[in-house]
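# Commentary on secondary and tertiary structure
Listed below are the residues making up each chain.
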Amino acid sequence: MSFVAQLNWAGAAFTVLWLLGLGAALLLTRNGTVRPQPASQELGPQPESPAVVSLIGSGWRSVRHAAAATLLDLAARGALELRQPGNDPAQSTIHLTNRQLPQLTPYEQRVLARVAERAGSAGAPIGAMAFRGEKSANTWNSALRREIVAEARLRGLSRPRLRTPLVNTMLLTSLLPGALFGLAVVVGGHGVRAAVFVGGAPVVALCALLVRFGLVERSTEAGLVRAGHWAGLHSWLRAHEEFAQLPPASVALWDRYLAYGTALGVSSRTSRLLGFDDGDRRRVWSDFGGRWRQVRVRYPLLWPGYGATGRRLLRTAAATAVIAVGLLAFVALRSADWAATGLDDPGYAWRRPGVVLAGGWLALLLLALAVAGRFTRLTFFLSLLGFVALYARSIHGGFAHPLASGSPLLGEGVAIAVFGAATLGYLALFLLDRRRPVTVIGEVLRLESKLGKKAPRFLALDEGRGDRTVAWALPRGTAGYLPGSRVRLSVCRATRTVRSIEPANHGS
């Protein structure tokens, strides 16, 4: 066995040993068994907060309902007020009160600060508590989880699943398989870059497993006892069939029970309406213009010339013109002599009518892609697949006598009309793009990325004029502004392209 093979086998063996070690550690640190107490409505003399209960009730796995439960608990204690003006709970609003609660925990302060930021002195819809971006939502919720876990540990209800020395040891030993695989690559005569890639892949995978399953919480003996108590409250709440569909404003009637029901996952409606996630990218709450309303955002997918520069519009117009004019010329110039008439003709295999047509179409397509700057190995490969499909059809009798007539085929006629109209359309967009940009002012609702390094980003802007908007195309490399920022855009409405962006004063 060669030295390279020995290194690879050693790396594989250490990987298996590491996985077995992680599995054994997880097996030995499982949560104990929760013994539910009888159904009871008693909260106890010094009950844990709904946020901590959400951690316990999920088996120490998540705090998914903690933010909504904390908001309802603050409302039950008088710091907030929830109002439902009509029959639809989704139209409920949230308002700050003048009541000051003593000794708020860090996560309660965080939720209260979020409400104050969105509601201000006039109040806000409950849907406005959601964030306008995945990054900001994840950052906020991660900090909330750390604060909840810190209190659960302080109360002796939770502890790290794996102790710090064991975690450090597993992190260090996870480097060994990668080092062996990387050394095998170098010894085998490959470059350092390949060694880093091959050696880094198992390290990243093992560390991801450690973070996913090892860096979490598990129960303590005291935590199991309290989990049994809250399981009894869970049973009592589940016995009330209407509890699952209670609206957030019913906290005025149910007091803290609604908060605990939300924390335990019983009050499903409140959890769904009081979301502190990244929200709905197509329906965003905004108060720009002085009135709260839900703005519907449309993200164009088939908008011709969307986000294109003037140069890109010209190249696209030239490419579509190549197809339209090229097909016209191909139809006008071709004759029946181009194709073989029978099996006895020389070169019949490559002079079938279908092969001649497919060759012309393929040449025009590749030329158009080259003019548009879209010619890649993938497009060439797909074009060859289309050629092979047409070639196979010609073998089975397709395209019997298409070259004898002087008129285009049905598909060719449609293509000439479509690409001819597209050429005129892109030229019109180019002329409109040359006009003086229009200035618009509004508040950034969302900033969404698209696939591709050069693809423009979606910038959803609320101009305060209505309840609907179409996202603008923000070119890559242009400075973006966080959702909630007031900005002034210089735009081309025809292509929905942002030419420049700068901050705007609130009074602009």
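A brief report on the enclosed structure follows. (Residues numbered from 1 in each chain as written. Predicted model: local features only at pLDDT ≥ 70, side-chain atom pairs only at ≥ 80, totals over all residues. Heavy atoms only, no water.)

## Notes on the overall build of the chain
Keep this limit in mind: Where helices and strands are cited, they refer to DSSP runs of H or I of at least four residues and of E of at least two residues respectively, numbered from the N terminus. For the radius of gyration, the atoms used are the C-alpha atoms, and the globule rule reads 2.2 Å times the number of residues raised to 0.38. Working definition: with a 1.4 Å probe on protein chains only, accessible area under 20% of the residue-type maximum means buried, over 50% means exposed, and in between means partly exposed. Only heavy atoms enter the contact rule, under which two residues are in contact if any of them lie within 4.5 Å. Note on charges: Lys and Arg go in the positive column, Asp and Glu in the negative column, and His and the chain ends are not counted at all. Where a charge lies is defined by one atom per residue type: Lys uses NZ, Arg uses CZ, Asp uses CG and Glu uses CD.
The helix and strand tally for the chain stands at 16 helices and 13 strands. For 508 residues, the compact-globule estimate of 2.2 N^0.38 gives 23 Å, and the C-alpha radius of gyration of the chain, at 32 Å, exceeds that figure by more than 25%. In terms of its C-alpha atoms, the chain occupies a principal-axis envelope of roughly 100 × 75 × 45 Å. Within the chain, buried positions represent 44% of all 508 residues. Put simply, of all contacts in the chain between residues at least 6 apart along the chain, 70% involve residues at least 24 apart. Distance from the positive charge centre (59 side chains) to the negative charge centre (30 side chains) of the chain: 7 Å.

## As for a nonpolar patch on the surface
Cut-off, in case you're wondering: Two distance rules govern patches: like charges are joined within 9 Å, and nonpolar side chains (Val, Leu, Ile, Met, Phe, Trp, Tyr) within 5 Å, applied only to residues with over 30% relative accessible area and no salt bridge. Each accessible area value is a Shrake-Rupley result obtained with a 1.4 Å probe; residue values ignore everything except the protein chains displayed when judging cover. Salt bridges are defined as contacts in which a side-chain nitrogen from Lys or Arg sits within 4 Å of a carboxyl oxygen from Asp or Glu.
A cluster of nonpolar side chains, contributed by F14, V16, L17, L20 and L176, occupies part of the molecular surface with about 460 Å² of accessible area. Relative to the elements of secondary structure, L176 occurs in helix α7 (residues 175–187). Under the relative-accessibility criterion, L176 is labelled partly exposed at 36%.

## Points about the pattern of salt bridges
The tally for this structure, following the rule as stated, stands at 20 salt bridges. A salt bridge links E108 to R77; its shortest N-O distance comes to 2.9 Å. In this pair, E108 sits in helix α4 (residues 106–119) while R77 sits in the loop between α3 (66–76) and β1 (80–83), placing the two residues 31 residues apart along the sequence. Exposure remark for R77: the relative accessible area of 22% places this residue in the partly exposed category. Note that R488 and E502 form a salt bridge whose closest N and O atoms lie 3.2 Å from each other. Of this pair, R488 sits in strand β12 (residues 486–492) while E502 sits in strand β13 (residues 497–503), and the two are 14 residues apart along the sequence. Overall, the relative accessible area of 24% leaves R488 in the partly exposed class.

## Observations regarding the packing of aromatic side chains
Convention followed: Put simply, two rings from Phe, Tyr or Trp (the six-membered ring, in Trp's case) pair if the centres are within 6.5 Å, and we call them stacked under 30 degrees between planes, edge-to-face over 60, tilted for the rest. By definition here, charges over rings are those cases where NZ of Lys or CZ of Arg is within 6 Å of the ring centre and within 35 degrees of the ring normal.
Overall, the coordinates contain 9 aromatic pairs when judged by the stated rule. Seen in terms of ring centroids, F131 and W140 are 5.4 Å apart; in terms of plane orientation they differ by 50°. Their pairing is tilted. Like W140, F131 is buried. Through a chain of ring-to-ring contacts, three or more aromatic side chains come together here, namely Y299, W303, Y306 and F458. Cation over ring: R114 sits above F131, and NZ or CZ is 3.9 Å from the ring centre. The residue whose ring lies beneath R496 is W472, and the NZ or CZ to ring-centre distance is 3.5 Å.

## Here we look at the pairing of β1
Put simply, the rule is: Only strands that DSSP links by at least two bridges are regarded as paired with each other.
The alternating pattern of β1 places L80 and L82 on a buried face and E81 and R83 on a face that is not buried. Relative to strand β2 (residues 93–96), β1 is paired through 4 bridges, and the arrangement is antiparallel. Along β2, the bridge assignment pairs L82 with I94.

## Considerations on the environment of D278
Here D278 shows up in the loop between α12 (268–273) and β6 (283–286). It is 7.9 Å that separates the C-alpha atoms of D278 and N138, two residues lying 140 residues apart in sequence. Residue contacts for D278: discarding those within four places in its chain leaves F131, R132, G133, E134, A137 and R446.

## Points about the side chain of R114
Operational definition: Distance and chemistry together define a polar contact, namely a pair of N or O atoms within 3.5 Å, with one atom able to donate a hydrogen and the other to accept it when in protein, and with adjacent residues in sequence counting only for side-chain atoms on both sides.
Mapping R114 onto the fold places it in helix α4. Taking the relative accessible area as the measure of exposure, R114 reaches 7% and is therefore buried. A distance of 3.0 Å separates the side chain of R114 from the backbone oxygen of A130, its partner in a polar contact.

## Here's the deal with the environment of V115
Here V115 shows up in helix α4. The exposure class assigned to V115 is buried, which follows from its relative accessible area of 0%. In this structure, the C-alpha to C-alpha distance between V115 and A128, residues 13 residues apart in sequence, is 8.9 Å. Sequence-distant contacts of V115, defined by excluding residues within four places in its chain, comprise L71, L80, I94, L96, G120 and M129.

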